[in-house]
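Structural overview for review
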Amino acid sequence: MFVGSRPVTMLNRFIPLILSVGIVGYLYLFVGERAAIATGLGVALGISLYHAAFGFTSAWRRFLTERWGAGLKAQVIMLAIVVTLFFPVLDSGSIFGHRAGGFVAPAGTGVAVGAFIFGIGMQIAGGCASGTLFTVGGGSIRMVVTLITFMLGSVLATINLPFWHGLPKLKPLSMVSLWGWEFALVLHLIVFLVLYLFIRKIERKVPTQIEAGGNETSFTIRITQGPWPLVLGAVALALLNFAMLASLGHPWGITSGITLWGGKLVTFFGADLSDIPYWSGRVAAIDRSLFKSDSSATNIGIIAGAMSAAVLAGKFGKSQNVNTKGIITALIGGLMLGYGARLAYGCNIGAFFSGVASGSLHGWLWLFTALAGNLIGVRIRKKINL
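Report follows, based on the coordinates.

Rules behind the numbers
Residues take numbers from 1 onward in each chain, read along the sequence in its written order. Local features in this predicted model are restricted to residues of pLDDT 70 or higher, and side-chain atom pairs are both shown and tallied only at a pLDDT of 80 or more, whereas totals for entire chains, interfaces and linings draw on every residue. Derived side-chain values reflect all non-hydrogen atoms in the structure, with water molecules and hydrogen atoms excluded from consideration. What counts as a helix is a DSSP run of H or I of at least four residues, what counts as a strand is a run of E of at least two, and both are numbered from the N terminus. When a residue's accessible area, from a 1.4 Å probe over protein chains only, is under 20% of the maximum for its type it is buried; when over 50% it is exposed; and in between it is partly exposed. We call two residues in contact whenever any of their non-hydrogen atoms come within 4.5 Å of each other. Side-chain atoms within 4.5 Å link the members of a nonpolar core, which is a set of buried Ala, Val, Leu, Ile, Met, Phe, Trp, Tyr and Cys residues. Any Lys or Arg side-chain nitrogen found within 4 Å of a carboxyl oxygen on Asp or Glu counts as a salt bridge. Any Phe, Tyr or Trp ring, taking Trp's six-membered ring, that has another such ring centre within 6.5 Å forms a pair; planes under 30 degrees apart are called stacked, those over 60 apart edge-to-face, and the others tilted. Consider the ring centre and the ring normal. A charge sits over the ring if Lys NZ or Arg CZ is within 6 Å of that centre and within 35 degrees of that normal. Put simply, a patch holds well-exposed residues, over 30% relative accessible area, that have no salt bridge, with like charges counted together within 9 Å and Val, Leu, Ile, Met, Phe, Trp or Tyr side chains within 5 Å. Surface exposure here means Shrake-Rupley accessible area, sampled with a 1.4 Å probe, where a residue is shielded only by the protein chains that are shown.

**A look at the environment of Phe-150**
Tracing the chain through its elements places Phe-150 in helix H8 (residues 141–165). On the accessibility criterion, Phe-150 (0% relative accessible area) is buried. The spatial distance from the C-alpha of Phe-150 to the C-alpha of Gly-262 is 8.2 Å, given a sequence separation of 112 residues. Residues in contact with Phe-150, not counting those within four places in the same chain, are Phe-118, Ala-129, Ile-258, Gly-334, Leu-335, Leu-337, Gly-338 and Ala-341.

Quick look at the structure:
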């Protein structure tokens, strides 16, 4: 009976993945090809994020506190791959016969302040934007709280955007447009090489089973149930971001989708957003399907993909942190994540990953000010024994 039940148990673990694929198919048939593509890419991103445990927050914290460099080195590799793929396409302005453009935003006070707030929020909440979504998919109750306040914080920021956007800033600057894709690419690759060597020089090696490449599990089990090596996650995220550019015409972004969710939530409870400039022209989106927004559809796909991966690995809902301190920090950290991301034209994905991939100066400004915020956030974590 035990032996016969094992295949059934393993088959049950595939149910969330089968449902996710079924939803993508339904969207393709009844909602539209674009919604299906955005959601499908989200599912793939969620699986990759979960199995590789690709968290920006933990990687930055461990580098700052332990000099553990594997996470940051994987991020540098990811950036090197994505700019190599993005820059020629962005220079031409099209791919496969349709327009393609990057995320280029003004580098200024709003970005610096927003990224700094976001960086503190990362460490207090224990997750970034992508980290929040894939851990929600993994069954974390605490991160559900973070996601809700992330939504509310981003809506709150839309009220103050005219003030922040009125502060000193540079015009949107694309290094691809300024220098041409060849020179911009060479310069970026040199910078990434220097960063990689710098991290490698000062890191303290912390051997883990993944880094050692242990052979305790087969390749098939490792791919389907995890954990993945960090570099594999980095390559997957870079390729999937490019797939989004190639199919939807823009890079991967998260914050606008979460802001839309927040707008729907507060409107449901009676709020009127029509007088807020940010929502001018966006109010109609609140009444439409969540799958009509690329970012929203991708975010839903990430949660579904991470849930599929977690159930397949037999880890769904494990490692909960639902004590009072955990909930309070999730509330505060989520608000900071949402507010900061909206000011900074995006989060660790839309502003940093996709901003740098787009050759935008604001992506680099986001990185350095968010790192400063993380440094403060790490100290706060230590003081409150989080």
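There is more to say after this.
**Section: the nonpolar core**
Within soluble globular proteins, side chains that are nonpolar generally end up buried alongside one another. Counting 82 residues, the largest nonpolar core has Phe-54, Phe-56, Trp-60, Phe-118, Trp-252 and Trp-366 as the members making the most contacts within it. Broken down by element, the residue count for this core peaks at twelve residues, all from helix H5 (residues 70–92). Listed in part, the 18 residues of the second largest apolar core include Ile-120, Ile-124, Ile-276 and Met-336.

**Focus on the pattern of salt bridges**
On inspection of all chains with the given rule, the structure shows three salt bridges. A salt bridge links Asp-294 to Arg-34; the nearest nitrogen and oxygen atoms lie 2.8 Å apart. Of this pair, Asp-294 sits in helix H16 (residues 294–312) while Arg-34 sits in helix H3 (residues 33–52), and the two are 260 residues apart along the sequence. The exposure class of Arg-34 is partly exposed, given its relative accessible area of 41%. Here Lys-73 makes a salt bridge to Glu-203, at a shortest N to O gap of 2.9 Å. On the criterion of sequence distance, the pair formed by Lys-73 in helix H5 and Glu-203 in the loop between helix H10 (181–202) and helix H11 (209–212) is long-range, its members being 130 residues apart. Grouping residues by exposure puts Lys-73 and Glu-203 together as buried.

**A closer look at the packing of aromatic side chains**
Under the counting rule described, the total for this entry stands at 16 aromatic pairs. When the ring of Phe-268 is compared with that of Phe-269, the centres are 5.2 Å apart and the planes differ by 85°; the resulting orientation is edge-to-face. Put simply, the rings of Phe-54, Phe-56, Trp-60, Phe-118, Phe-352 and Trp-366 pair up and form one aromatic cluster. Here the guanidinium or amino end of Arg-62 rests over the ring plane of Trp-68, the centre of that ring lying 4.1 Å away. Positioned above the aromatic ring of Tyr-278 is the side chain of Arg-282, whose terminal nitrogen or guanidinium carbon lies 3.9 Å from the ring centre.

**Details of the environment of Leu-240**
By the element assignment, Leu-240 lies in helix H13 (residues 230–248). Relative accessible area serves as the criterion here: at 15%, Leu-240 is assigned to the buried category. For the pair formed by Leu-240 and Pro-251, sequence separation is eleven residues and the distance between their alpha carbons is 9.4 Å.

**Concerning a nonpolar patch on the surface**
On the surface, Leu-178, Trp-179, Phe-183, Leu-187, Val-191 and Leu-195 cluster together into a nonpolar patch covering about 500 Å² of accessible area. Of all elements in the fold, only helix H9 (175–179) and H10 reach the threshold of two or more residues within the nonpolar patch. Sort the elements by how many residues they give to the nonpolar patch and H10 lands first, with four residues. Following the sequence through the fold, Trp-179 ends up in helix H9. Residue Trp-179 is classed as partly exposed on the basis of its relative accessible area of 38%.

**What about helix H4 (residues 56–66)?**
Looking only at H4, the buried set comprises Phe-56, Thr-57, Ala-59, Trp-60, Arg-61 and Phe-63. Buried-residue contacts for H4 involve H5, helix H6 (109–125), helix H7 (129–137), H10, helix H18 (348–357) and helix H19 (361–383). Following H4 by one or two positions, Arg-67 adopts a phi angle in the positive range, close to 60°.

What is shown is where atoms sit, not what they do.
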